[in-house]
Amino acid sequence: MIDKNSRITVISGAGFSQASGIPIFRGKDGLWKNYDPSELATPHAFAKDPKLVWEWYRWRLNIILNADPNLAHVKLAEVELKGFDIAILTQNVDDLHERAGSQNVTHLHGEIRLARCFSCRTKFIWTVELLETVDDIPKCSACESICRPDVVWFGESLDSNIIQNCIDQLSITDMLIVAGTSGVVYPAAEFPFLAKRQNSQVTIYEFNLDYTPISNIATETILGPVEETIPEFFNTIYQK
Ligand code: BJW
Ligand code: ZN
């Protein structure tokens, strides 16, 4: 199926980290205090009530900082360690791919472990200890302005260099794995279609609990939890 000259690209979404205890966005699992994430992950929500939005982020940060990579994260890192050319384009703001050992990870929607100053754009890294000392809106240590999570909210543009890198990566990939994403948030939702348009030979494997809009163009949709299906899939490939 693939050898070490093949290029593998993985697009991961919230379902990839679900088994690590990190709530996904859509469905009842995503609700926090009855707020839908799409009501909170916006510049408008932050402008209206930054304290509420930070409370949501602190809640999620605490979960993420204390979470561990699951068997799906670990398997991708192992595949890379075995010498396969594998790039991960993640929509997730957690760092579980990196903590599992993956080296080539691109964050499309930013990183929750970073906060950035609204005025001078200085960034700082959250730790569990630091998180415990700040219970209000975090302030910049350089200029005292308020900080925001260093993530991409609805209506905000993704970094143009990151988008270009994704387009380049998708144009050269032999195998595309789309795992644990509902495939409804753009521009990431468009990426599998883009890969197919750029290279009709690309094999697209989708891993999800359910079918999604991506299933229509996937070579195969493998239903089940990624923490089981991803390790099984790569174990099969190694045997060939
Ligand atoms: C499992 C599992 C297990 C569970 N194993 N599977 C074109 C058309 C229409 C709209 C737009 C468009 N272009 C832009 C837009 C607007 C908007 C958009 O896409 N809206 C749609 C909702 C319609 N996009 C944007 O605003 C983007 N900006 C942009 O394009 O700028 C230019 C522009 C702006 C405005 C108009 C036009 C152009 C920015 C998007 C930023 C998304 N940000 C968030 C928050 C990040 C910060 C944070 O984390 O707090 O990113 S929203 C949220 O959704 C988060 C996620 O990364 C993202 C995707 O979610 P994901 O990963 O798919 O998770 P879920 O929960 O939806 O799905 C989980 C899946 O896993 C499910 O399928 C489960 O079945 C499965 N699953 N457990 C396997 N164990
Ligand atoms: Zn500042």
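Residues numbered from 1 in each chain as written. Chains lettered and ligands numbered in written order. Predicted model: local features only at pLDDT ≥ 70, side-chain atom pairs only at ≥ 80, totals over all residues. Heavy atoms only, no water.

Peer 1: I would appreciate a short explanation of the sheet that holds strand E2 (residues 85-90) in the present structure.
Peer 2: To summarise the sheet geometry, strands pair through backbone hydrogen bonds and adopt either a parallel or an antiparallel arrangement. Spatial ordering of the open sheet is given by E3-E2-E1-E7-E8-E9, a layout of six strands whose pairing is parallel. Strands at the two margins of the open sheet, each flanked by one partner only, are strand E3 (105-107) and strand E9 (220-223). Between one strand and the next, the sheet's axes are offset by a mean angle of 20°, whatever the strand orientation. As judged from the six bridges shared by strand E1 (residues 7-12) and E2, these two strands associate in the parallel manner. The residue of E2 that forms the bridge with isoleucine 11 is leucine 89. Of the strands in this sheet, E1, strand E7 (175-179) and strand E8 (203-208) touch helix H9 (residues 191-198), which is tilted by about 165° from E7. (Pairing = 2+ DSSP bridges. Helix = DSSP H or I, 4+ residues; strand = E, 2+ residues; numbered from the N terminus. Axes fitted to C-alpha atoms, helices over the stretch in contact; angles between N-to-C directions. Contact = heavy atoms within 4.5 Å.)

Peer 1: What is the right way to read the side chain of histidine 107 from this model?
Peer 2: Inspection of the secondary structure puts histidine 107 in strand E3. Engagement of the side chain of histidine 107 in a polar contact is seen with the backbone oxygen of asparagine 92, the distance being 2.9 Å. Among the polar contacts made by the side chain of histidine 107, one reaches the side chain of glutamate 98 at a distance of 2.6 Å. Histidine 107 has contacts with Thr90, Asn92, Val93, Asp94, Glu98 and Ile162, leaving out every residue within four places of it along the chain. (Polar contact = N/O pair within 3.5 Å; in protein donor to acceptor, adjacent residues only side chain to side chain.)

Peer 1: What am I meant to see in the side chain of threonine 9 here?
Peer 2: Inspection of the secondary structure puts threonine 9 in strand E1. Residues in contact with threonine 9, not counting those within four places in the same chain, are Ala87, Leu89, Gln169, Leu170, Thr173, Met175, Leu176 and Ile177.

Peer 1: Whenever I open this one, the coordination of the zinc ion (ligand 2) confuses me. Can you help?
Peer 2: In an ideal octahedron of six donors the angles at the metal are 90 or 180 degrees, and in an ideal tetrahedron of four donors they are 109.5 degrees. The protein atoms that coordinate the zinc ion (ligand 2) are Cys117 (SG), Cys120 (SG), Cys140 (SG) and Cys143 (SG), at distances spanning 2.2 to 2.4 Å. Every donor counted, the four donor atoms about the zinc ion (ligand 2) form angles of 96 to 120° at the centre, which fits tetrahedral coordination. Mapped onto the sequence, the residues coordinating the zinc ion (ligand 2) show the spacing C-x2-C-x19-C-x2-C. Here cysteine 120, found in the loop between strand E4 (110-117) and strand E5 (123-125), pairs with cysteine 140, found in the loop between helix H7 (128-133) and strand E6 (147-151); they are 20 residues apart in sequence, far enough to count as distant. The class for cysteine 140 is buried, based on a relative accessible area of 2%. (Donors = N, O, S within 2.8 Å, 3.2 Å for Na, K, Ca; no water. Tetrahedral: all angles 85-135°; square planar, octahedral: opposite > 155°, others 65-115°. Buried < 20%, exposed > 50% of the residue type's maximum accessible area, 1.4 Å probe, protein only.)

Peer 1: Would you mind showing me how to read the pairing of E8 here?
Peer 2: Residues in a regular strand point their side chains to alternate faces of the sheet. Burial runs high along E8: five of the six residues are buried. When E7 meets E8, the two strands line up parallel, connected through five bridges. What sits directly across from methionine 175, in E8, is threonine 203. Read as a crossover between parallel neighbours, the route from E7 over H9 to E8 is right-handed. Sheet topology places E8 next to E9; four bridges connect them, and they run parallel. Residue pairing for E9: tyrosine 205 is matched across the bridge by glutamate 220. (Right-handed = clockwise from strand over helix to strand, strands pointing away.)

Peer 1: Which parts of the structure should I look at to understand the site of ligand 1?
Peer 2: In the vicinity of ligand 1 there are 34 residues, among which Arg26, Tyr57, Arg60, Ser182 and Asn208 approach most closely. Between ligand 1 and asparagine 208 there is a distance of 2.6 Å, counted from an oxygen atom to a side-chain nitrogen or oxygen. Within the side chain of glutamate 227, one N or O atom sits 3.3 Å away from a nitrogen atom of ligand 1. Burial of ligand 1 by the protein chains amounts to 77% of its free accessible area of 1,500 Å². Applying the majority rule of atoms within 2 Å of the grid points places ligand 1 in the largest pocket. Only helix H1 (14-17), helix H4 (50-65) and helix H10 (226-239) provide two or more residues apiece to the shell around ligand 1. A per-element tally of the shell around ligand 1 places H4 first, with three residues. Domain assignment of the residues forming the shell around ligand 1 places at least three in each of domain 1 (1-22 + 69-109 + 158-240) and domain 2 (23-66 + 113-151). (Near = heavy atom within 4 Å. Areas by Shrake-Rupley, 256 points an atom, 1.4 Å probe, with all protein chains shown as cover. 1 Å grid on protein atoms, 1.4 Å probe; cavity = no way out; pocket = protein on both sides within 12 Å on 5 of 7 lines; lining within 4 Å. Sits in = over half its atoms within 2 Å of the grid points. Domains from an automatic or database assignment.)

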